[in-house]
Amino acid sequence: MEASSPTDLSVSDPQLQHFIEVETQKQRFQQLVHQMTELCWEKCMDKPGPKLDSRAETCFVNCVERFIDTSQFILNRLEQTQKSKSAFSESLTD
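All values derive from a computational prediction rather than experimental measurement.

Rules of the game
Residues numbered from 1 in each chain as written. Predicted model: local features only at pLDDT ≥ 70, side-chain atom pairs only at ≥ 80, totals over all residues. Heavy atoms only, no water. Salt bridge = Lys/Arg side-chain N within 4 Å of Asp/Glu carboxyl O. Buried < 20%, exposed > 50% of the residue type's maximum accessible area, 1.4 Å probe, protein only. Core = buried A, V, L, I, M, F, W, Y, C linked by side-chain atoms within 4.5 Å. Helix = DSSP H or I, 4+ residues; strand = E, 2+ residues; numbered from the N terminus. Contact = heavy atoms within 4.5 Å.

## Quick look at the pattern of salt bridges
Link 1 in the chain: Counted according to the given criterion, the structure contains four salt bridges.
Link 2 in the chain: One salt bridge connects D46 with R55, and the closest N-O pair in it is separated by 2.8 Å.
Link 3 in the chain: On the basis of relative accessible area, D46 is assigned to the exposed category, the value being 63%.
Link 4 in the chain: By relative accessible area, R55 is classed as partly exposed at 40%.

So this is what it looks like as structure tokens:
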């Protein structure tokens, strides 16, 4: 008997497919948080100390907000692009 590949399992088992999708989303979120932390740390931290000064705190807040805004913009744009491609494909099959 041949072993199934992971993609074969995900297609035949909806629960497994859902689990994999959820775990993939978690991983992507963790990667985004890591990227945001690294980017904002490099941008805002001049010299680490026992306490954040007001400039660094403001910088972190602005950095995180811009990162979130940019990520949301990119996701929305990709979603729009995907929808327009789907609509175009459907119009060709009609």
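From this point on, the discussion continues.
## Here's the deal with the nonpolar core
Link 1 in the chain: Listed in full, the nine residues of the largest apolar core are M36, C40, C44, M45, A56, C59, F60, C63 and F67.
Link 2 in the chain: Mapped onto this core, the elements with two or more residues apiece are α2 (14-44) and α3 (54-93).
Link 3 in the chain: In terms of residue count, α3 provides more of this core than any other element does, five residues in total.
Link 4 in the chain: Beyond its immediate chain neighbours, meaning those up to four positions away, M36 contacts V64 and F67.

What is shown is where atoms sit, not what they do.
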